[in-house]
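# Observations on chain architecture
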Amino acid sequence: MKTLMVFDFDHTVVDDNSDTWVIRCLPGQTLPDNVKNSYRKGHWTEFMGRVMNYIGDQEVSPDRVRSVMETIPFTAGMADLLTFISEQKNAIDCIIISDANTMFIDWILHAAGLQAAVDRVFTNPAKFNDLGYMEVQCYHSHDCDRCPVNLCKRKVLELYLSEQVEGGVEYERIFYVGDGGNDFCPTSCLRGHDVVMPRRGYTLEKLLAKLKGQEGEAPLRPRVLAWSSGTEILEELRASMQS
């Protein structure tokens, strides 16, 4: 049976937020207050639509946007981890579930030559329209009150796993690697022999610690292993495959 690696993208695979990194393509590398202050909690994708619209208004070309996005740094050890995964495709499936968008993730992975590691990417669809403006849409709608309106990662993961089972693929172990608040919900569908790996010092680690300390709450089933670099994740993955 195979292993499944599930990754968040921003502050996990890459060591920054791709949605804020894109602002570097602007001449002044900053947004005006009317755009900056238009964000509403839980509605990040709509906000990014306004950001990309402003970038288009400034006549920043798609090629310029792409070249800036390709400079975002990978988190330490992540390139080695993804290279290892790409060499073990007979034993490891790998998916990304992210609140970024299809174009950013595709560009960044291709620029680093790491796209072969990833089997599927679940994120907000993006494309350039005829005027050269990037349009970003919400990934889906859902009824989960814990998640942003455009993406419940638990729903995505559950649907992916059920589709895999229908296709005859079951996973011996799932590793869920993330950092943020929206990575908390999918941990509830993991099993006792799965592993949730929160980035050390980030929101997901704090939420998992809080859950552990709450009496009366359903206990978190998977093992929790915090990480600071992709090297630690790779060591755990190798050990799991050898056991």
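Remember, predicted model here, so these are calculated numbers, not experimental data.

Going through the model one piece at a time under the given rule, you end up with 13 salt bridges. Put simply, Arg 191 and Asp 194 hold a salt bridge, and the shortest N to O gap is 2.9 Å. The partner of Arg 200 in a salt bridge is Glu 232, and the shortest N-O contact between them spans 3.4 Å. Of the two residues, Arg 200 sits in the loop between strand 7 (195-198) and helix 8 (203-213) while Glu 232 sits in helix 9 (residues 230-242), which places them 32 residues apart along the sequence. Residue Arg 200 is classed as partly exposed on the basis of its relative accessible area of 40%. What makes Glu 232 partly exposed here is its relative accessible area of 28%. One network of salt bridges, with partners in common, ties together Asp 8, Lys 153 and Asp 183.

If you trace the 6 strands from one edge of the open sheet to the other, you get 3-2-1-6-7-8, paired in parallel fashion. Each having just a single partner strand, strand 3 (120-124) and strand 8 (223-224) make up the two edges of the open sheet. Inspection of the sheet shows strand 1 (residues 2-7) paired to strand 2 (residues 92-101) by 5 bridges, in the parallel sense. Residue pairing for strand 2: Thr 3 is matched across the bridge by Ile 92. Along the sheet, helix 5 (residues 78-86) makes contact with strand 1, strand 2 and strand 6 (171-178), crossing strand 1 at roughly 145°. Lying over the sheet, helix 9 contacts strand 1, strand 2, strand 6, strand 7 and strand 8, oriented at roughly 175° with respect to strand 6.

What counts, and at which threshold
Every chain's residues receive numbers from 1 upward, in the order its sequence appears when written. Thresholds applied to this predicted model are a pLDDT of at least 70 for local features of residues and 80 or more for the giving and counting of side-chain atom pairs; totals over whole chains, interfaces and linings are not thresholded and use all residues. The basis for every side-chain value is the complete set of heavy atoms in the structure, and neither hydrogens nor water enter the calculation. Each reported salt bridge corresponds to a side-chain nitrogen of Lys or Arg within 4 Å of a carboxyl oxygen of Asp or Glu. Going along the chain from the N terminus, every DSSP run of H or I of four or more residues is numbered as a helix, and every run of E of two or more is numbered as a strand. The rule is simple: take the accessible area with a 1.4 Å probe, protein chains only, and divide by the maximum for that residue type; under 20% is buried, over 50% is exposed, in between is partly exposed. Strands qualify as paired when DSSP identifies two bridges or more between them. Contacts: residue pairs with any heavy atoms within 4.5 Å of one another. All axes here are fitted lines through C-alpha atoms, helices being fitted over the stretch that makes contact, and every angle between N-to-C directions spans 0 to 180 degrees.

These results come straight from atomic positions and should not be treated as a statement about function.
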